[in-house]
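Residues per chain are reported as follows:
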Amino acid sequence: MTRRPVPVLTIDGPSGSGKGTISRRVAEALGWHLLDSGALYRAVGFAAGMEGLDLSDTEAVTRCAQTTRIGFRDPKDGGETRVLVNGLDATDELRTETCGAAASAIAAIPAVRAALLDKQRSFRKAPGLVADGRDMGTVVFPDAEIKVFLTASAEERARRRYKQLKEKGLNVTLATLLREIQARDVRDAARTVAPLRPAADAVLIDSTGMPIEQVVAKVLELARKYRQ
Ligand code: C5P
């Protein structure tokens, strides 16, 4: 008898598409594990910063990606997952723009992506995995059972980001955010290593104007036959 592989549901897409929230809710609903691959890139960016590395020094950054210990811990009271970098709780730091920018820089180094491959694949455990990222369906889990590519118009993503930053009291304009998002889209799609693009067998979902619950329901519908 051949054993069925542990099912994987990949959710890829640009930032602001709602991937993080949707992935978390879908994983909770299915009772599956969750891989936030962006957190791994952020953790390496953070560790490189702590070591004072020059992010353009690809050898040093690659060594950092190979040796950094990254752990996830779910608090017993059900609060948000904590991310431990070399034993240190770095959850709050990882969310900052500085870590996001560092993650984006080191993510363009092919050897760094290679160093994180096994780590990402080790999350594939029964009863199933929801993997959130940019290249989950194309590179990390090309054999995934269900692949979703989640998008939203650049205008909608800029509005979501604007709301988040305003709530944090930051002084930004919608026009600037929109320009940044459009520039990042072009860069992400054009980069030579793991460019942001949907897998050929991915289901495209455009979340523009869609409430979160509706997107979650749509993704769960795709996963229905793999639920126990
Ligand atoms: O998703 P998040 O914003 O946390 O990701 C941080 C950065 O890590 C992204 O801007 C992207 O450059 C990189 N990343 C990646 N591949 C992934 C996940 C994240 O290149 N699978």
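Reading the values: the criteria
Residues numbered from 1 in each chain as written. Predicted model: local features only at pLDDT ≥ 70, side-chain atom pairs only at ≥ 80, totals over all residues. Heavy atoms only, no water. Phe/Tyr/Trp six-rings, centres within 6.5 Å; stacked < 30°, edge-to-face > 60°. Helix = DSSP H or I, 4+ residues; strand = E, 2+ residues; numbered from the N terminus. Buried < 20%, exposed > 50% of the residue type's maximum accessible area, 1.4 Å probe, protein only. Axes fitted to C-alpha atoms, helices over the stretch in contact; angles between N-to-C directions. Parallel < 35°, antiparallel > 145°, perpendicular 65-115°, else oblique. Contact = heavy atoms within 4.5 Å. Nonpolar A, V, L, I, M, F, W, Y, C, P; charged D, E, K, R; others polar. Core = buried A, V, L, I, M, F, W, Y, C linked by side-chain atoms within 4.5 Å. Pairing = 2+ DSSP bridges.

### So, the packing of aromatic side chains
- The final tally for this structure, using the stated rule, is one aromatic pair.
- Ring centres of Phe72 and Phe123 lie 5.6 Å apart, and the angle between their planes is 80°; this geometry places the pair in the edge-to-face category. Here the residue Phe72 occupies a position in strand β3 (residues 70-73), and Phe123 occupies one in the loop between α6 (110-121) and β6 (129-133), the gap between them amounting to 51 residues.
- The class for Phe72 is partly exposed, based on a relative accessible area of 30%.

### Things to note about the packing of helix α2 (residues 37-50) against helix α5 (residues 97-106)
- Contact geometry for α2 and α5: axes closest at 8 Å, N-to-C directions at 100°. Classed by the angle they form, the pair α2 and α5 counts as roughly perpendicular. Between α2 and α5, the contacting residues are Tyr41, Arg42, Val44, Gly45 and Phe46 on the first element and Cys99, Gly100, Ala102, Ala103 and Ile106 on the second.
- When grouped by side-chain class, the residues that make up the contact of α2 with α5 number seven nonpolar, two polar and one charged.

### A short note on the nonpolar core
- Leu35 and Phe141 are the most contacted members of the largest nonpolar core, which has 31 residues in total.
- If one sorts the elements of this core by residue count, α2 sits on top with seven residues.
- In this structure, Leu35 is in contact with Leu40, Gln120, Phe123, Leu129, Val130, Ala131, Asp132, Met136 and Phe141, ignoring residues within four places of it in sequence.
- Counting 19 residues, the second largest nonpolar core, distinct from the first, contains Leu9, Ile22, Val216 and Tyr226.

### Examining the sheet that holds strand β4 (residues 82-85)
- Ordered by their spatial adjacency, three strands build an open sheet running β3-β4-β5, and the pairing between neighbours is antiparallel. The two strands at the open ends of the sheet, each matched to only one other strand, are β3 and β5 (88-89).
- Taken together, the four bridges between β3 and β4 define a ladder with antiparallel strand orientation. The partner of Arg73 across the bridge, within β4, is Arg82.
- Packed on one face of the sheet, α2 meets β3, β4 and β5 and runs near 125° to β3.

### A few points about the packing of helix α3 (residues 58-67) against α6
- The N-to-C vectors of α3 and α6 enclose an angle of 5°; their axes lie 9 Å apart at closest approach. Classed by the angle they form, the pair α3 and α6 counts as roughly parallel. Between α3 and α6, the residues in contact are Val61, Thr62, Ala65 and Gln66 and Ala111, Val112, Ala115 and Leu116, respectively.
- For the contact of α3 with α6, the class distribution of residues is six nonpolar, two polar and no charged.

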